[in-house]
There are 2 protein chains.
Amino acid sequence: MSRAVMPPDVVVRRLPLYARSLRYLLHEGVLSVSSQELGDRINVTAAQIRKDLSYFGEFGKQGIGYDVERLLEQIDQILGLDRSWAVALIGAGQLGEAIVRYEGFRAQGIHIAAVFDANPDKVGKPLGTIVVQHSDSIAQTISARGIEMAIIAVPADRAQGVADVLINAGVRALLSYAPTVLQVPAGVWVRYIDPLSVLHSMTFYLARGE
Amino acid sequence: MSRAVMPPDVVVRRLPLYARSLRYLLHEGVLSVSSQELGDRINVTAAQIRKDLSYFGEFGKQGIGYDVERLLEQIDQILGLDRSWAVALIGAGQLGEAIVRYEGFRAQGIHIAAVFDANPDKVGKPLGTIVVQHSDSIAQTISARGIEMAIIAVPADRAQGVADVLINAGVRALLSYAPTVLQVPAGVWVRYIDPLSVLHSMTFYLARGE
């Protein structure tokens, strides 16, 4: 980080959206983009983009805009995506299967490196290209392979137990699909994918005709 | 709403988490809960809960706490979940299948009422209990049945086209799994489920050892 100030988490969460838009632009053969054009694509103002990026240094030139390829490289580096991160997936059910097959996870700095399930019928069988291991071996595999990220796709009542095992084994970032809030120690990051709550936060507006 | 002040969206997004925690408490037979206890379960301070709820009126009693069942009823009503909302699902692939089978969607104010796909091999076949319709019939079905919510589970390059058709037919709330930002008119709500961006917002911290 080129400055001492740590950016707010909301800024960090927007960086992947900038990177994705820049990746599309690059794919389309666009070499240069203004903060206005970039902002229009992701419904953020030009001023917000400039302010967000200012946490990380100087980018682009006044009146010329950003070099798409260069800015993408820089953001990928800021996000730690100049390397690939091994991710463990816990839960090889319908959801786990959709996650493994999701093509987005096969690119851009993330790869699913191990899959675990407690169901003996799943263990030893391939999910995509990965053979499912028994949940009993989570701790050993995570430690041995130095895996720091995990996706939790187990029922809500098992999620905290799984999280505890993962964290004890060295995982520092959790993405949980289980509809329950996890208790984690300081230094561990946790985010949720929670479609039902997201839908419920919109029925609020529909119900009042907003 | 018992007050004129519209709550910030961040407050609206927390209400479903409160409701879920209250539902668990009720299930566990807990009749009364303090804002402290409720907050501990979802990593929100007691003060935040009291402030959030204050947008919607007076709840609980000083020193006694909240009546779990009553507060849950009130929050469900605030969220418009005292009725059930029909949701259309666009995309009957692996992801669409996982969504249809997700048990969470079979409860609590939401039901998937129609499924569409552009692939002729999918059309006419059941996905869960619903027969997949061709995407050509989205507009007609949505209008005829008065469906106001939809889940988009199609590839990124088709998402905006699908959103346009849905919105023209009367949909006012979109949950999109497609990794692209949708342009929607005022009065339409859109939220995203974007696991890759969420993971990327955590590699930021891991890469710097935070």
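Residues numbered from 1 in each chain as written. Chains lettered and ligands numbered in written order. Predicted model: local features only at pLDDT ≥ 70, side-chain atom pairs only at ≥ 80, totals over all residues. Heavy atoms only, no water.

Describing the relation of the copies chain B and chain A
Convention followed: The least-squares superposition of copies is restricted to C-alpha atoms, and to residues with a pLDDT of at least 70 in both copies. Note on contacts: a residue pair qualifies if any of its non-hydrogen atoms lie within 4.5 Å across the two residues.
If you rotate chain B by 180 degrees and push it 0.0 Å along the axis, it lands on chain A with an RMSD of 0.0 Å. Seen this way, the second copy is the image of the first under a two-fold rotation axis. Counting the interface residues of chain B, we find that 98% of their copies in chain A are interface residues as well, pointing to one common contact surface.

Some words on unusual backbone geometry
Put simply, the rule reads: The secondary structure listing takes helices from DSSP runs of H or I that are at least 4 residues long and strands from runs of E that are at least 2 residues long, numbered from the N terminus.
Even without a glycine there, the phi angle at N43(A) is positive, about 55 degrees. Locating N43(A) in the fold gives a position in the loop between α2 (35-42) and α3 (46-54).

Examining the sheet that holds strand β9 (residues 189-192) of chain A
All names here are of chain A. What counts, and what does not: Pairing between strands is defined by DSSP: at least two bridges between them are needed.
Ordered by their spatial adjacency, seven strands build an open sheet running β5-β6-β4-β3-β7-β8-β9, and the pairing between neighbours is mixed. On the outer flanks of this sheet lie β5 (126-127) and β9, each paired with one strand and no other. Sheet analysis places strand β3 (residues 85-90) next to strand β4 (residues 110-117), joined by six bridges and oriented parallel. Paired with I90 across the bridge in β4 is F116.

Some remarks on the sheet that holds strand β4 (residues 110-117) of chain B
All names here are of chain B. Spatially, β5-β6-β4-β3-β7-β8-β9 is the arrangement adopted by the seven strands of the open sheet, whose pairing is mixed. Here the strands that pair on one side only, and so sit at the sheet edges, are β5 (126-127) and β9 (189-192). In the sheet, β5 pairs with strand β6 (residues 130-134) via two bridges, with the strands oriented antiparallel. Each bridged residue has a counterpart across the sheet, and for L127 the counterpart in β6 is I130.

Remarks on α2(A)
Residue and element names in this part refer to chain A. For clarity, the cut-off: Buried residues are those whose accessible area, probed at 1.4 Å on protein chains only, stays under 20% of the maximum for their type, while exposed residues exceed 50% and partly exposed ones sit between those limits. In this description, one arc is meant: the one made by directions from the helix axis to the C-beta atoms.
Turning to α2, its buried residues are S35, L38, G39 and I42. Projected down its long axis, α2 shows its buried positions confined to an angular sector of 100 degrees, all on one face. Looking at the buried side of α2, the elements it contacts are α1 (9-27), β1 (32-33), α3 and β2 (66-67). N43, located one to two residues past α2, shows a positive phi value of around 55 degrees.

A few points about the domain arrangement of chain A
Buried accessible area, meaning the area lost when the parts come together, often serves as the stated size of an interface. We count it as follows: For every domain, the bounds stem from an assignment made automatically or drawn from a database.
Along its sequence, chain A is carved into domain 1 (9-78) and domain 2 (85-197). One C-alpha centre belongs to domain 1 of chain A, the other to domain 2 of chain A, and the line joining them spans 31 Å.

With respect to the packing of α1(A) against helix α4 (residues 68-78) of chain A
All names here are of chain A. What counts is decided by this rule: Under this scheme, a helix contributes an axis fitted over its contacting stretch, all axes are lines through C-alpha atoms, and angles between N-to-C directions fall in the 0 to 180 degree range. A clockwise turn of the near helix away from the far one marks a right-handed crossing, whereas an anticlockwise turn of less than a right angle marks a left-handed crossing. When residue character is reported, Ala, Val, Leu, Ile, Met, Phe, Trp, Tyr, Cys and Pro are called nonpolar, Asp, Glu, Lys and Arg charged, and the others, Gly included, polar.
Between α1 and α4, the shortest axis-to-axis distance is 9 Å and the interhelical angle comes to 145 degrees. The two elements α1 and α4 cross, and the hand of that crossing is left-handed. Contacts between α1 and α4 pair L15, Y18, A19, L22, R23, L25 and L26 from the former with V68, E69, L71, L72, I75, D76 and I78 from the latter. Broken down by class, the residue content of the contact of α1 with α4 amounts to eleven nonpolar, no polar and three charged.

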